[in-house]
Amino acid sequence: MLILECPYCGVKAEETELSPGYEAHLKRFGPGSSPEEFEAYMFARKNPKGVHFERWRHTYGCGKWFLAARCTATLEVFGTYPAQVSEPPADIIAKILARRPDWKPE
Amino acid sequence: MSTRLTRGGRLIDRTAAVEFSFNGKRMRGFHGDTLAAALLANDQMLVGRSFKYHRPRGIVASGPEEPNALVNLGSGARLEPNQRATTTELFDGLECTSQNHWPSLEFDVGVVNNHVSRFLPAGFYYKTFIHPRPFWKHVFEPIIRRSAGLGKAPTQPDPDRYEQAYAFCDVLVIGAGVAGLKVAKAAADAGQRVILLEQSPTLGGRAPVDQTEVDGQPVETWLSAMEADLAARDNVTIRTRTCGFGVYDHGYVLADERVADHTPGDGRPKHRLWRIRAGRIVSATGAIERPLSFAGNDIPGVMLASAVRDYVVNYAVSPGDRTVIVTNNDSAYQTALALKAAGLDVPAILDAREAADGALPQAARAAGIRVLTGKAIARVKGTKRVTGVAICAQAGEGAVQEEIACEAVAMSGGWSPVVHLFSHCGGKLLWDETISAFIPDPARPPLNHDGSAMVECVGAAAGDLDLTGTPVAIPPVWVMPQGAPIQLRSKMWLDYQNDVKVSDVELASREGYVSVEHTKRYTTLGMATDQGKLSNINGLSVLAETLGQEIPQVGTTTFRPPYTPVTIGALAGEARGEIFQPLRKTPMHAAHEKAGAYFEPVGLWRRPYCFPRPGETHEQAVHREVLNTRQNLGLLDASTLGKIIVKGPDAGKFLDMLYTGVMSTLPVGKCRYGLMCNEQGFLIDDGVVARIDEDTWLCHTTSGGADRIHAWMEDWLQCEWWDWQVYTANVTEQYAQVAVVGPNARKLLQVLGGMDVSKEALPFMHWADGTLAGLPARVYRISFSGELSYEIAVPASHGAAFWAACTQAGKALGAMPYGTEALHIMRAEKGFIMIGDETDGTVIPQDLGLDWAISKKKADYLGKRGQERTFLASPDRWKLVGFETLDGSVIPDGAYVIAEGVNANGQRNTQGRVTSTYYSPTLKRGIAMGLLKHGPARMGEVVEFNTVAGGTVKARVRDTVFYDKDGEKQNV
């Protein structure tokens, strides 16, 4: 059972306190977008074996959504950060690279 | 025969005799015995029957790896099936029975399977019960189910109590043998918080039986000093009878403490499930001895060598006067010495190795025991118990050289480190050629949240079998003798409980099963309650040999928690009965109970379905409630309706994105019906929105949808439009809400008094704040029934009082409470949709003729792009219409509108389905809504629905509003 630190309230929350929200940093495509763009936004989710960015909600805590950088294979957590960003912050990228030198940010 | 020796037994207290019964037979044992030890002491060699062939089964092991000695423990509501006799502590009055036989253990009809075993090969079920197809459901399955399964599940609720607890530590040590104790002490010395778990009642592991000295001290002295040292420390917690059975992500471990299994009825919880979060996990779980595969290795009296010396040393139980030892390693010689020391006879030690010159073999020879190297057992003689062994050369094909009479056989095929906990979270294993076993690979452990190793193994669990750091080599011996013909191989058991033999694995291999995971499922090897603790390595080695591959290439099956079976009671803990789920009750719940309401679950809420009167069926009650509401006055507890406040400078803009319609233009004081869709365009919720003030809206959601919709709003506000200034608050439970419905609705509010609710002051789809019956009230003039209707929200604390006031004042006006079913019928009569009935996650508002609630002007709303997809814009979609049967009957729930022809599966083609179907007490006939291909263009057409009973029912397509089409009733 994962432990993720909520970046808002600082609680090291157990998975039972959290709700998963799947892939982070999705760009929304609304009216006017092409079928390909909409399909990619709606259905083509990443499922990497390795570094992944995810949305989590501290449902049974402060109620805030936050984002987590995590390795899906080893369950290592590189860091958590507030959801109000459109890409992973530099310090999170640095933490990932410190442990996964071969990883390339998109 | 097996008996109790007159001397010895380090774990038993001979001054405390204990009475118990096995299959109704009275027996005696001692305090400190396990059930298995006591059964052996009473010469109860035969303890059960195997799963498939009903072969006689005796005790094989002395610990949790036991595959055979499973009993029904207790009786009545306290009956527990499949309890391992080897780990069940004896207590006075224990009752148990053996399993999987009929009519009796001694005489079992099912044993006929044994004699036809060559017709019951691996995969027998898969091969046999395929044809003819219809036979499966009515013939094969019932027969197989009756003969399958070992114990029988109890039929009464468990009267015992279980609890769960949390614990946290820096270091969790699982297993309190010498290796585990040393790690615990070192961690404690370093000031770390330590929890030490031990599955058995005593500390020390195998050391007191297998070792004479630890660190130069006599083993018992060393142990008691260590135990006293650890017990005296504040930073060490020792829990015995506690099995750490599963390792999960990020240092999470579950452990099952058998608190009161051995002291039933003393008031303590039976089990306690520990949820432990540990910084570091040390698995000091030891190793399990492997059986050898020789013909007749399943006959009662054939036991693991380590178990034999456990029974002799710990419980002073002799397995028989004469025990033949058969082994491929030195450790079994300890058994020979222990038996000798107890005054018992060891006619021979058969060692498969060509030479045996270690310290232990030399000691055995010095003790006068006949040691025969390069020898094997050709077959064991006896049926319900061992009577002797036939000896052959290990290198040969089983030609008998000599026969030896004996009562027991002690076997050792080497040791398998208990790597389960290391493997649960993905730790990888190495094949160790020296000891012929899988050991944990320290370079590839399961990882913690920070990338550090989460589990480390020490001692025998790490492959250090004799704790010297340099284990003595154990050569592999997978089949005995190595050239055994099929006649012998088909009598060599790998899995005792599931009856899988060497020949079965070889057959699976010949039939093309090359993966160990597939072979496991095909043969059922290792799939019994013991999960292959004894059989897996032997089985995969046979598979590897047959495939001509190396063992590491074949690999192991996946180790999954739990390590040993855990009773459901422990997993459920206190979450049973009333507190299984937290129930939500409205402020008026007690009044409904008093009024005799019949409740139904709506999410976690309990809502009155109807209020039956004495002598009334639920159906009659519902019909009465509908008619009374339409003719007089109905009262509905609508408190469960979701209520979410959305507030802020950007609240209007936000709601315009959330709803398909426009909410920003809604004037203060008015209400508007709205639809919410997900990004795919499918309808997910609906409700009435009220504009409270310039930057405040109150959104009503469905009863089941409040939490979900609130979370949905927060998701968009926090993750997509985080710069928008909007707050949301779910105030569902802050308000009690009562729907006052029917021709007399206004009169009731006037009697309650306090505010003007006239047609002019409060028109349809308006709301007003005021006072009713002296209570602060917000009155919404909205209708879900088509009648004159007000929904009144009062603070939750006034809910019960307001309901009482309505009921009291309503008496003179013919008021009756109504439940959810009457609500459903009345909304269906009016053609109003219900989320979950008309929608199922694949329906867009346009399918339901709700285009009027979708803004054409807005550039964007959630779901707009999704709805533009071609298949959703197709004119061929099934669309909502009404149906009335020609004969007035009610269309069955879930019925389909049939179409011409059949599909590829031979099923009738369909062109629509019913979504809501009721008997309308108002119209005195069946009414229905449903989705129909090209529906709105087919008014007046007659279509056919299938029925549950077979056959069809004809219905005419019509519009969805069955009652008061012009809305005259609600506009008064």
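Residues numbered from 1 in each chain as written. Chains lettered and ligands numbered in written order. Predicted model: local features only at pLDDT ≥ 70, side-chain atom pairs only at ≥ 80, totals over all residues. Heavy atoms only, no water.

As annotated in an unreviewed UniProt entry, chain B carries the name Sarcosine oxidase subunit alpha family protein and comes from Rhodobacter calidifons. Per UniProt, the comment on chain B under Sequence similarities (unreviewed entry) is "Belongs to the GcvT family." (UniProt positions renumbered as here; feature names shortened; annotations may be inferred.)

The name given to chain A in an unreviewed UniProt entry is Sarcosine oxidase subunit delta, with the source organism recorded as Rhodobacter calidifons.

The next subject is the overall build of chain B. Along the backbone of chain B there are 26 helices and 51 strands. In terms of overall dimensions, chain B has C-alpha extents of about 115 × 70 × 55 Å along its principal axes. The buried share of chain B, reckoned over its 972 residues, is 58%. Within chain B, contacts between residues separated by at least 24 positions form 65% of all contacts whose residues are at least 6 apart in sequence. With an accessible surface of roughly 38,800 Å², chain B has 54% of that area assigned to carbon and sulfur atoms. Across chain B, 100 positive and 107 negative side-chain charges occur, with their mean positions spaced 5 Å apart. (Helix = DSSP H or I, 4+ residues; strand = E, 2+ residues; numbered from the N terminus. Buried < 20%, exposed > 50% of the residue type's maximum accessible area, 1.4 Å probe, protein only. Contact = heavy atoms within 4.5 Å. Areas by Shrake-Rupley, 256 points an atom, 1.4 Å probe, with all protein chains shown as cover. Lys, Arg positive; Asp, Glu negative; His and termini not counted. Charge placed at Lys NZ, Arg CZ, Asp CG, Glu CD.)

Residues and elements named next belong to chain B. Close contact between helix α19 (residues 618-631) and helix α24 (residues 820-829) brings their axes to 9 Å; oriented N to C, the two are set at 55°. In terms of orientation, α19 and α24 fall into the oblique class. Between α19 and α24 the crossing geometry is right-handed. Of the residues in α24, those in contact with V622, E625, V626, T629 and R630 of α19 are E821, A822, I825, M826 and E829. For the contact of α19 with α24, the residue count by class is 5 nonpolar, 1 polar and 4 charged. (Axes fitted to C-alpha atoms, helices over the stretch in contact; angles between N-to-C directions. Parallel < 35°, antiparallel > 145°, perpendicular 65-115°, else oblique. Left-handed = near helix turned anticlockwise from the far one by under 90°. Nonpolar A, V, L, I, M, F, W, Y, C, P; charged D, E, K, R; others polar.)

In most cases, non-glycine residues show a negative phi, while peptide bonds are predominantly trans. Residue and element names in this part refer to chain B. Here the amide bond leading from M480 into P481 is cis, since omega sits at -10°, within 30 degrees of zero. Its place among the elements puts P481 in the loop between β30 (455-457) and α12 (486-489). Its identity as a non-glycine residue notwithstanding, T524 has a phi of 70°, on the positive side. The residue T524 is located in the loop between α14 (516-523) and α15 (536-547) in this model. Phi at K924 is positive, roughly 60°, even though this residue is not glycine. Counting through the fold element by element, K924 comes out in the loop between β48 (908-920) and β49 (925-933).

On to the UniProt feature "domain: GCVT N-terminal" (unreviewed entry) in chain B, then. Under the UniProt annotation, the feature "domain: GCVT N-terminal" (unreviewed entry) is placed at residues 588-858 of chain B. This span, residues 588-858 of chain B, is 27% helix and 29% strand, and a straight line between its end C-alpha atoms measures 42 Å.

All names here are of chain B. One finds F294 and Y311 to be the most contacted residues of the largest nonpolar core, which totals 92 residues. Per element, the largest residue contribution to this core is 7 residues, and it comes from helix α1 (residues 35-41). Filtering out sequence-adjacent residues up to four positions away, F294 remains in contact with V302, V326, I377, V380, V409, M411, M480, K491 and M492. Counting residues in each nonpolar core, the second largest holds 44 residues, with I174, A295, A461 and I537 among its members. (Core = buried A, V, L, I, M, F, W, Y, C linked by side-chain atoms within 4.5 Å.)

Attention now goes to α19(B). Residue and element names in this part refer to chain B. The end-to-end C-alpha distance of α19, which contains 14 residues, comes to 20 Å, matching closely the 20 Å that a straight helix rising 1.5 Å per residue would cover. A621, V622, H623, R624, E625, V626, N628, T629 and R630 are the residues of α19 that are buried. As for α19, its buried residues are in contact with β34 (605-610), β35 (633-637), β41 (735-741), β45 (815-817), α24 and β48. (Expected span 1.5 Å × (residues − 1).)

Attention now moves to the pattern of salt bridges. Under the counting rule described, the total for this entry stands at 61 salt bridges over all chains. Residues participating in the shared-partner salt-bridge network are R161(B), E163(B), R239(B), E257(B) and R272(B). (Salt bridge = Lys/Arg side-chain N within 4 Å of Asp/Glu carboxyl O.)

Right, let's get into the sheet that holds strand β3 (residues 25-31) of chain B. Residues and elements named next belong to chain B. Reading across from one edge, β3-β2-β8-β6-β7 is the order of the 5 strands in this open sheet, with mixed pairing throughout. Both edges of this open sheet fall to β3 and β7 (80-84), since each of them pairs with a single strand only. Shown here is a sheet whose adjacent strand axes are inclined to one another by a mean of 40°, direction ignored. In the sheet, strand β6 (residues 70-73) pairs with β7 via 3 bridges, with the strands oriented antiparallel. Residue pairing across strands places L73 opposite E80, the latter belonging to β7. (Pairing = 2+ DSSP bridges.)

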